[in-house]
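Listed below, chain by chain, are the residues.
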Amino acid sequence: MASNPITTSGLCRSSRLHCNLFFLAAGIGIGAWASSLPLLAAGVGLNKGQLGTVLLCFAFGAIVLMINVGRYIDRVISNQVLSLCGSVIFGAAFLVIPFIENPIVLGGCVFVAGAAFGTLDVAMNTEASQIELETGRHLMSSFHAVFSIGNLAGAFLVGQLIGHGGGLQVCLGVAGLLVVTLALSTRMIAPNMARRSPGLHPEGTPAASTSLGTAQRTLIFVLGSIAFLALLAEGGMMDWTAIYMIDILGASESHGAYAFAIFAGAMACGRLVGDAVTRRVGHVPLIRIGGVLCAVSVAILLFADSAVLSLAALALCGLGVANMVPAVFASAGNVGGAAAGRAISIVTTMGYSGLLLGPALLGFLAQATSLVVSFVLIMLAFLLIAAVTVQLGRRLKQRQAGL
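Residues numbered from 1 in each chain as written. Predicted model: local features only at pLDDT ≥ 70, side-chain atom pairs only at ≥ 80, totals over all residues. Heavy atoms only, no water.

Is there a simple way to think about the overall build of the protein chain in this case?
The helix and strand tally for the protein chain stands at 15 helices and zero strands. Counting the 403 residues in the protein chain, one finds 51% classified as buried. Nonlocal contacts in the protein chain, meaning residues at least 24 apart in sequence, comprise 83% of its contacts between residues at least 6 apart. Carbon together with sulfur atoms contributes 68% to the accessible area of the protein chain, which is approximately 17,300 Å² in total. (Helix = DSSP H or I, 4+ residues; strand = E, 2+ residues; numbered from the N terminus. Buried < 20%, exposed > 50% of the residue type's maximum accessible area, 1.4 Å probe, protein only. Contact = heavy atoms within 4.5 Å. Areas by Shrake-Rupley, 256 points an atom, 1.4 Å probe, with all protein chains shown as cover.)

Just to check I follow, could you spell out the packing of aromatic side chains for this structure?
Pairs of aromatic rings are described using the distance from one ring centre to the other and the angle between the two planes. Tallying each qualifying case throughout the model produces nine aromatic pairs. Ring geometry for Phe 90 and Phe 117: centres 5.6 Å apart, planes at 50 degrees, overall tilted. Of this pair, Phe 90 sits in helix α3 (residues 79-96) while Phe 117 sits in helix α4 (residues 103-135), and the two are 27 residues apart along the sequence. By the ring-pair criterion, three or more aromatic residues cluster together here, those being Trp 33, Phe 58, Phe 90, Phe 94 and Phe 117. (Phe/Tyr/Trp six-rings, centres within 6.5 Å; stacked < 30°, edge-to-face > 60°.)

Got a minute to help me understand the environment of Ile 287 in this structure?
Take Ile 287: it is sitting in helix α11 (residues 283-303). The class of Ile 287 is buried, set by a relative accessible area of 0%. For the pair Ile 287 and Val 328, spaced 41 residues apart in sequence, the C-alpha to C-alpha distance is 7.7 Å. For Ile 287, the residues in contact, after removing those within four places along its chain, are Ile 226, Met 324, Ala 327, Val 328, Ile 385 and Thr 389.

Is there a simple way to think about a nonpolar patch on the surface in this case?
A contiguous nonpolar surface patch, about 490 Å² in accessible area, is contributed by Ile 149, Leu 272, Val 273, Val 277, Val 281 and Ile 289. Classification of Val 273 by relative accessible area gives partly exposed; the value is 47%. (Patch = residues over 30% accessible without salt bridge, like charges linked within 9 Å, V, L, I, M, F, W, Y side chains within 5 Å. Salt bridge = Lys/Arg side-chain N within 4 Å of Asp/Glu carboxyl O.)

Can you walk me through the nonpolar core in this structure?
One broad rule of soluble globular proteins: the nonpolar side chains tend to lie buried together. Ranked by internal contacts, the top residues of the largest apolar core, which has 107 residues, are Trp 33, Ile 97, Ile 220, Met 237, Val 298, Phe 375 and Phe 382. Leaving out residues up to four positions away in the same chain, Phe 375 has contacts with Met 237, Trp 240, Thr 241, Tyr 244, Val 298, Leu 301 and Leu 302. (Core = buried A, V, L, I, M, F, W, Y, C linked by side-chain atoms within 4.5 Å.)

Got a minute to help me understand the packing of helix α8 (residues 214-247) against helix α15 (residues 371-401) in this structure?
For any two helices packed against each other, the geometry comes down to the angle between their axes and how far apart the axes lie. Running from N to C, α8 and α15 cross one another at 155 degrees; their axes reach a closest spacing of 9 Å. With respect to each other, α8 and α15 are oriented roughly antiparallel. Once α8 is placed against α15, the crossing between them reads as left-handed. Among the residues making up the contact of α8 with α15, the classes are represented as 22 nonpolar, five polar and two charged. (Axes fitted to C-alpha atoms, helices over the stretch in contact; angles between N-to-C directions. Parallel < 35°, antiparallel > 145°, perpendicular 65-115°, else oblique. Left-handed = near helix turned anticlockwise from the far one by under 90°. Nonpolar A, V, L, I, M, F, W, Y, C, P; charged D, E, K, R; others polar.)

How should I be thinking about α3 in this particular structure?
For an α-helix, 3.6 residues make a turn, and residues three or four places apart therefore share a direction. Counted at 1.5 Å a residue, the expected span for α3 with its 18 residues is 26 Å, and the 26 Å between its end C-alpha atoms agrees. Taken as a whole, α3 has its buried residues at Asn 79, Gln 80, Leu 82, Ser 83, Leu 84, Gly 86, Ser 87, Phe 90, Gly 91, Ala 93 and Phe 94. (Expected span 1.5 Å × (residues − 1).)

Written out as structure tokens, the structure is:
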């Protein structure tokens, strides 16, 4: 019997809303967490080194789970259940953290929060990839746009709460409750999808294999390398642009603050139109165009002698980098096939390693040389991404053709 197009369309909308709620919850949580760090440091009495250690606990927890969670998605448990568990634990950790005064116990709780976020990140990206495959539509950028909007919303929420006299308990408490509420609300949406058995194709037939073949694994590691470079460069731009504007270009502190806002805002706008662009050019060309666009914008930033031109270059860079990671994740899901969870687990681990290590690496390089050298490295990373996609595009076309 032919499927009812109205029912299919409704299920697609429900599936997208279900997945979007997880992306929104993750984005709000990360935005609130980053914005609350000064309050955390002051409340517990952490110096910069201790705060850095706490952040490493979050990163370590996220990476450990990212490495391992993919195999469970493919073989044991559905990604929807893991998304729910990860987001609920992530939000619940926010409720506990403000009451911890012992730095060691705090590090353990932050590790759990990072592990929960790592689980949520892999699971929700796997779900997004499955929705793309089942609908035959490019949707990954729109999901990541929701995450970016959540980042801004989380930061704005904390800013408003602080402005009205709220402390760490209020800021993280409200954010944690919001994350948990969004996660639990998914139980009312797409219940059939949430109960779908892992290891099955959309048609309900058993998957042939949930392991990655040699050719698949090679492509996955190439995509992971692109994710590493892209997120290293993205993290460097987000963390060091304001300082570059002030120290190198001599801009005011207000212009430095605008720099981050313009870059993050341009990323969110770019992701809102990313799916439409992907339908026209495809994932790999989009990554290549983004790499070239970002390299040009960083070059403008290096040679610019005015704050206005620098801000325009940052907006251009934000647009260019916006859809690179979503395109990489979507490509990894397509290459992984029945083992999409494992594929995305590898790519997210490699990518977020770049995001976590990149700013520190660039900081050490700036200390040893200058911040200009660090931004030259960012430009080279974007150029390398563009170069790698040429061979990647050929390999993916050969795979699609069955050669």
